[in-house]
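Topology and contacts: notes
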Amino acid sequence: MSHRYFPHTDSDIDVMLKKCGVTSLDDLYADVPEQLLFRRDYNLPDEMSEKEVRDFFNKLGKKNDDLVCFAGNGFYDHYAPAVIGSLIARSEFLTAYTPYQPEISQGTLQYIFEYQSMMCRLTGMEVSNASMYDGTTATAEAMMMAVAHARKRNHVLISSTVNQAVIDVVKTYAGYHGVEISLIDEVDGVTSRESMKQLLAKGDVAGVIVATRNRYGIIEDFTGFAEDCQAAKALLIMNCVALDLATIKTPGEWGADVAVGDAQSLGIPLSFGGPYLGFFCAKKSLMRKIPGRIVGATKDKDGRRVFVLTLQAREQHIRREKATSNICSNQGLMSLYVTIYMSLMGAKGMADVNLQGCDGAHYLADKLVATGKCKLTFPNSPFLNEFCVTTSVPAQKIVDRALEEGILAGVQIAEDRLLIAVTEMQTVKEMDRLVEIVKSL
């Protein structure tokens, strides 16, 4: 078979085949069952002009429904200033992922350093890496780090109120690394401290994972949790929605050892599920066990401030089979994205975004309860911009009816429960329309 764009000559291929001890390229696939081999022509369309290609994809794009989004459950519809897209599209940013040579990578190293600095301020922690694929895998990495830190203990606790997707990913990682996972009970929608203390009393726990905004949208109170974990010599790991931390008590203020989560809320578009960004921050004492890279600031021989890769002990090019990740795109493009967002918004701007979402969520919650078709599932628990309602009609019926009106009403988490989120993107008119839909059922 001739491959037009492969650089290898026939003589190159002959040398490689001889080195492998085979006579043809087909011999390399001799172990693949015949029924799995593709023996047909590829179903590729005819060539198109530039206009025809644009028309084709515009037609495909029109099949998408542009919905008003009240769905959350870990990922949120936030506004991103237009300047972010313009800046990250610059070629020096779009392709500069791997800053191995500091003398030609100062720009990339600097924005990673700024990202780390901002994430430390946001979480109240001492060090930050750059970075992880998403909040679920960042949490799983924190679970593995807790076990590595504890050495002889491989038991990790995770609250039942943590987002189910996070629990599932943590369990998957644990299953392949010999880590035992136990769920902490929930009481009235929040983590049971008594249940945690009983599990900690067994003396084999390496870490405890809780969520600052839990699976019901509740902002949990973790008073005493850090002291309980410290007494049991277990790390306290907090999974967070990044933007929340501009308003609520930070993991650092709670006394947590590790703060992880998704930074999608920092302006990253929903984009059908990605790419997103997982953050990983911790106390300084854990710095050498953090996955990913840490960029530091120093001075060159002329006394000028410069940036270098300070720690990268778990990268593939350093540790090979002992490495955990080499997450170039998230250490580059996505961390740059949220760095620009945080720079533009500032602490006050992010707090204002939270305030708009909080006001909207409480307005919508009150209106839905007033219909008589919904009640707050946990009426005595505080929430920021996401809440759970128990419905008197099937939750799926509300979702289906709202879709007919171009509204994504929320995420159904039980037959009679709907998780609803409000951000700065939804108007009062749109909220009132959702209320009318519910009222009509």
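Quick caveat, the model's predicted, so the values are computed rather than measured.

1. Some points on the sheet that holds strand β17 (residues 417–421)
Spatially, four strands are ordered β13-β14-β17-β16 in an open sheet, and the strand pairing comes out antiparallel. For this open sheet the edge positions go to β13 (374–376) and β16 (411–414), each flanked by a neighbour on one side alone. The sheet shows a mean angle of 35 degrees between the axes of neighbouring strands, direction not considered. As paired elements, strand β14 (residues 386–391) and β17 share five bridges and run antiparallel to each other. Its bridge partner being in β17, Glu386 is matched across the sheet by Ala421. Sheet strands touched by helix α13 (residues 395–404): β14, β16 and β17. Its angle to β17, the strand with the most contacts, is close to 45 degrees.

2. A short note on the environment of His362
Of note, His362 is situated in helix α12 (residues 328–370). Discounting residues that sit within four places of it in the chain, His362 has contacts with Phe383 and Leu384.

3. Let's talk about the nonpolar core
In terms of nonpolar packing, the biggest core is built from 58 residues, with Val208, Leu236 and Leu266 touching the most fellow members. With eleven residues, α12 is the largest single contributor of residues to this core. Those residues in contact with Leu266 that sit more than four places away from it in its chain are Met119, Leu122, Ala242, Leu243, Tyr337, Val338, Tyr341, Met342 and Met350. Of all hydrophobic cores here, the second largest spans 32 residues; its members include Ala138, Met143, Ile290 and Leu311.

4. As for the layout of surface pockets
One water molecule sets the probe size; rolling that probe over the atoms shows where empty space is left. What the second largest pocket holds in volume is close to 500 Å³. As for the second largest pocket, its lining consists of 16 residues, and the residues nearest its centre are Cys69, Leu270, Ser271, Phe272 and Leu408. Within the lining of the second largest pocket, the residues separate by chemical class into nine nonpolar, four polar and three charged.

5. Regarding unusual backbone geometry
Residue Ser131 is bonded to the preceding Ala130 through a cis peptide linkage, with omega at -10 degrees. Note on placement: Ser131 falls in the loop between β2 (127–128) and α6 (135–150). Note that the residue after Gly274, namely Pro275, is joined by a cis bond; omega there is 0 degrees. The backbone of Ser271 shows a phi angle near 50 degrees, a positive value even though the residue is not glycine. Inspection of the secondary structure puts Ser271 in the loop between β9 (258–262) and β10 (278–282).

6. Comments concerning the packing of aromatic side chains
Applying the stated criterion to the full structure yields nine aromatic pairs. Here Tyr216 and Phe378 contribute two aromatic rings whose centre-to-centre distance is 4.9 Å and whose plane-to-plane angle is 50 degrees, an arrangement assigned as tilted. Residue Tyr216 is found in the loop between β7 (205–211) and α9 (225–231), and its partner Phe378 is found in the loop between β13 and β14; the two are separated by 162 residues along the sequence. Comparing Tyr216 with Phe378 shows no difference in burial state: the two are buried. Their ring planes at 45 degrees and their centres at 5.5 Å tell us that Phe383 and Phe387 sit as a pair that is tilted. Neither residue differs from the other here; Phe383 and Phe387 are each classed as buried. An aromatic cluster of three or more residues is present, and its members are Phe222, Phe225 and Trp254. Above the ring of Tyr76, the side-chain terminus of Arg213 is found at 4.5 Å from the ring centroid. Its guanidinium or amino end placed over the ring of Trp254, Lys249 lies 4.0 Å from that ring's centre, counting from NZ or CZ.

Parameters and conventions
- Residues numbered from 1 in each chain as written.
- Predicted model: local features only at pLDDT ≥ 70, side-chain atom pairs only at ≥ 80, totals over all residues.
- Heavy atoms only, no water.
- Pairing = 2+ DSSP bridges.
- Helix = DSSP H or I, 4+ residues; strand = E, 2+ residues; numbered from the N terminus.
- Axes fitted to C-alpha atoms, helices over the stretch in contact; angles between N-to-C directions.
- Contact = heavy atoms within 4.5 Å.
- Core = buried A, V, L, I, M, F, W, Y, C linked by side-chain atoms within 4.5 Å.
- Buried < 20%, exposed > 50% of the residue type's maximum accessible area, 1.4 Å probe, protein only.
- 1 Å grid on protein atoms, 1.4 Å probe; cavity = no way out; pocket = protein on both sides within 12 Å on 5 of 7 lines; lining within 4 Å.
- Points joined across faces, edges and corners; volume = space filled by probe spheres on them.
- Nonpolar A, V, L, I, M, F, W, Y, C, P; charged D, E, K, R; others polar.
- Phe/Tyr/Trp six-rings, centres within 6.5 Å; stacked < 30°, edge-to-face > 60°.
- Lys NZ or Arg CZ within 6 Å of the ring centre and 35° of its normal.

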